[in-house]
Amino acid sequence: MVGFFCLLLMLPELHSAPTVWIQPEQVHLSYTGDPTSMKVTWTTFSPAPSMVEFQKVPGVENFTECATGKATKFVDGGLQQRTMYIHRVELTRLVPGQGYVYHCGSNLGWSPKFYFVALKNGSDWSPRFSVFGDMGNENPQSLGRLQKEAQRGMYDVILHVGDFAYDMDEDNARIGDAFMRQIESVAAYVPYMTCPGNHEEKYNFSNYRNRFSMPGNTESLWYSWDIGSAHIISFSTEVYFYLKYGPDLIREQYVWLERDLQEASKPENRGQRPWLITMGHRPMYCSNNDKDDCTDHESVVRLGLPGHVFALEDLFYKYGVDLELWAHEHSYERLWPLYDYKVFNGSIEAPYTNPRAPVHIITGSAGCREMLDPFVPEPRNWSAVRIEDYGYTRMQILNKTHIYLEQVSDDQDGRIVDNIWLIKEKHGPEAWH
Ligand SMILES: [Fe+2]
């Protein structure tokens with residue numbers, strides 16, 4: 001009997017996972033940057049073909065179209081070296097603004113069916129976003145509300161500004177699997193756009209780089225894309241902190257950022273998409289009472305390496321970035337238009353109308369096991385609003401001159417606890433003068 005019992009103990013994996021596991025799971029969408037296409041990503045634990053069947057809705061749902069892609073094998077860096085297959089299929093020739101139904105998998109096993117609306121074309125529409133960071137598996141307080149709102153069609157895009165699952169690599173990446181399953185009811189319906197945070201660091205960000213499918217060829221580390229009248233740049237603040245993965249990444253990303261900002265600033269581009277919006281995980285400024293980088297006057301994200309090399313505040317100011325979205329601090333903080341610790345409000349009556357410096361929003365309170373981050377008692381003079389509730393930000397880019405932002409408190413049953421109109425008649429560095 002003892003021998004049999006020992007044999008059972010030695011084979012825990014055989015009990016926890018079937019040997020063939022080809023059912024698709026963890027289905028999520030991402031935007032490719034082309035309104036006639038959308039990418040579908042999912043996971044199986046055994047090799048299987050990668051197919052998506054889809055068609056326009058409304059109509060009889062016969063899945064009349066089929067697209068194929070391929071799977072990459074991902075081996076987690078944990079002791080068990082768990083293996084999974086990440087399937088990616090790009091749907092093409094979509095009609096912008098059209099609704100679709102789809103399912104993914106193969107004839108070995110299909111997902112449930114999901115719906116999405118292809119993003120609209122051109123700059124003359126008003127995309128709606130939900131923006132947040134720092135959402136985990138435990139205490140994901142905003143998730144239920146986000147699931148309901150995403151399925152009601154309230155958003156065109158989700159921006160998750162780093163820190164997922166807490167942490168995706170834990171329990172041999174089972175925490176990553178659980179997280180991707182629990183966001184499916186948001187991300188299978190609305191493109192879920194991301195940037196890396198510090199909680200993705202393990203094994204050189206491998207869970208993050210393998211599980212998401214952002215545009216460009218950096219394994220989702222930095223990329224940019226256009227939507228409506230905005231150009232959105234997602235980047236990694238983490239290259240400044242985890243030098244062990246290659247100090248060159250800072251320079252590589254910085255060079256890319258400057259080239260991308262130059263391209264977006266060409267009159268023909270900025271004329272059509274005047275809003276430059278960045279998203280990165282760790283903010284340059286914050287007034288929380290932890291000892292994070294943003295509480296430091298010499299913030300690395302703001303000032304770069306010693307000697308102010310690869311400094312992001314100056315780079316973003318130089319090209320007239322309008323709005324900077326951050327997370328990492330588990331709270332919501334809206335700053336006055338700010339450059340180099342100086343406030344540059346448009347006017348006393350209307351601070352966000354023609355501001356003379358970028359506007360920063362820090363929104364990292366979606367909910368995670370680390371709970372909320374309190375503030376220092378006295379607000380800084382550059383801090384406009386500070387809220388210590390679980391929640392998330394909604395953003396709508398109305399047109400070339402108006403952006404609306406509001407903060408939803410999940411603690412207060414969805415009440416809007418802050419809102420601003422950011423109004424700019426001029427964009428680019430000339431707007432600062
Ligand atoms: Fe973080």
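Conventions and cut-offs
Residue positions within a chain follow its written sequence, with the count starting from 1. Under the rules for a predicted model, residues below a pLDDT of 70 receive no local features and side-chain atom pairs below 80 are neither given nor counted, while totals for whole chains, interfaces and linings still include all residues. Put simply, DSSP H or I for four residues or longer makes a helix, DSSP E for two residues or longer makes a strand, and each gets a number counted from the N terminus. Put plainly, a residue is buried at 20 or more neighbouring C-beta atoms within 10 Å of its own, exposed at 12 or fewer, and partly exposed in between, counting only other residues' C-beta atoms, which are placed from the backbone. By the convention adopted here, residues are in contact when the distance between their C-beta atoms, placed from the backbone, does not exceed 7 Å. Residue ranges for the domains originate in an automatic or database domain assignment. Think of it this way: DSSP has to see at least two bridges between two strands before they count as a pair. Every axis corresponds to a line fitted to the C-alpha atoms, with the helix fit spanning only the stretch in contact, and the corresponding angles, defined between N-to-C directions, vary from 0 to 180 degrees. By definition, a nonpolar core groups buried Ala, Val, Leu, Ile, Met, Phe, Trp, Tyr and Cys residues that are joined through C-beta atoms within 7 Å.

*Asks:* Just checking my understanding: could you explain the environment of Asp322 for this structure?
*Replies:* Counting through the fold element by element, Asp322 comes out in the loop between helix H10 (312-318) and strand E18 (323-326). The exposure class of Asp322 is buried, given the 23 C-beta atoms found within 10 Å. Linking Asp322 and Gly428, residues 106 residues apart in sequence, is a C-alpha distance of 8.0 Å. Contact partners of Asp322, with chain neighbours within four places excluded, come to Trp275, Leu276, Ile277, Pro358, Val359, Lys424 and His427.

*Asks:* Help me understand the environment of Val131 in this model?
*Replies:* Structurally, Val131 is set in strand E10 (residues 128-132). Once residues within four sequence positions are removed from consideration, Val131 is found in contact with Leu159, Val161, Leu325, Thr363, Tyr392, Thr393 and Met395.

*Asks:* I keep staring at the domain arrangement of the protein chain and nothing clicks. Help me out?
*Replies:* Its domain assignment divides the protein chain into domain 1 (21-117) and domain 2 (128-432). A C-alpha centroid distance of 27 Å is found between domain 1 and domain 2. Every contact between the two is made by 25 residues of domain 1 and, on the other side, 28 residues of domain 2. Elements with a contribution of two residues or more to the side of domain 1 that touches domain 2: strand E1 (25-30), strand E2 (38-44), strand E6 (83-91) and strand E9 (114-117).

*Asks:* What's the story with the sheet that holds strand E5 (residues 70-75) in this structure? I'm lost.
*Replies:* For sheets, the rule is that strands pair by backbone hydrogen bonds, running either parallel or antiparallel. Spatial ordering of the open sheet is given by E1-E2-E6-E5, a layout of 4 strands whose pairing is antiparallel. Each of the sheet's edge strands pairs with one partner strand only, and the pair in question is E1 and E5. For this sheet the average axis-to-axis angle between neighbouring strands, irrespective of direction, equals 20 degrees. Sheet analysis places E1 next to E2, joined by 4 bridges and oriented antiparallel. Bridge assignment links Glu25 to a residue of E2, and that residue is Thr43. Its contacts with the sheet place helix H4 (residues 170-182) against E1 and E2, and it is angled at close to 60 degrees to E1.

*Asks:* Mind showing me how you'd approach the nonpolar core here?
*Replies:* Soluble globular proteins tend to pack their nonpolar side chains together in the buried interior. With 105 residues, the main nonpolar core has Val40, Ile158 and Val190 as its most contacted residues. Not counting residues within four places of it along the chain, the set of residues in contact with Val40 comprises Val27, Leu29, Val52, Val89, Leu91, Tyr102 and Cys104.

*Asks:* It is not clear to me how helix H6 (residues 202-211) should be interpreted in this structure. Could you clarify?
*Replies:* Two residues of an α-helix separated by three or four positions point the same way, owing to the 3.6 residues in each turn. Within the span of H6, buried status applies to Phe205, Ser206, Asn207, Tyr208, Asn210 and Arg211. Residues of H6 that are buried make contact with E5, E6 and H4.

*Asks:* What's the story with the sheet that holds strand E17 (residues 275-279) in this structure? I'm lost.
*Replies:* In space, the 7 strands of this open sheet follow the order E15-E16-E17-E18-E22-E19-E23, with mixed pairing throughout. On the outer flanks of this sheet lie strand E15 (223-227) and strand E23 (383-387), each paired with one strand and no other. Taking the axes of each pair of neighbouring strands and ignoring which way they run, one obtains an average angle of 15 degrees across the sheet.

*Asks:* Honestly, the pairing of E5 in this entry has me stumped. Any pointers?
*Replies:* Residues in a regular strand point their side chains to alternate faces of the sheet. The element E5 is barely covered by neighbouring structure, given that only 0 of its 6 residues are classed as buried. When E5 meets E6, the two strands line up antiparallel, connected through 6 bridges. When the sheet's bridge partners are listed, Lys73 is paired in E6 with Tyr85.

*Asks:* How should the pairing of strand E16 (residues 230-234) be read in this particular structure?
*Replies:* Counting buried positions along E16 yields 5 of 5 residues, so the element is predominantly enclosed. By the alternation rule, side chains of E16 split into Ala230, Ile232 and Ser234 and His231 and Ile233, which are all buried. Relative to E16, E15 runs antiparallel, the two being bridged by 5 bridges. Bridging from a neighbouring strand, Asp226 pairs with His231 of E16. Where E15 folds back onto E16 in an antiparallel hairpin, the turn is made up of 2 residues, including Gly228, whose phi is positive at roughly 50 degrees. Where E16 meets E17, 5 bridges bridge the pair, whose relative direction is parallel. When the sheet's bridge partners are listed, His231 is paired in E17 with Leu276.

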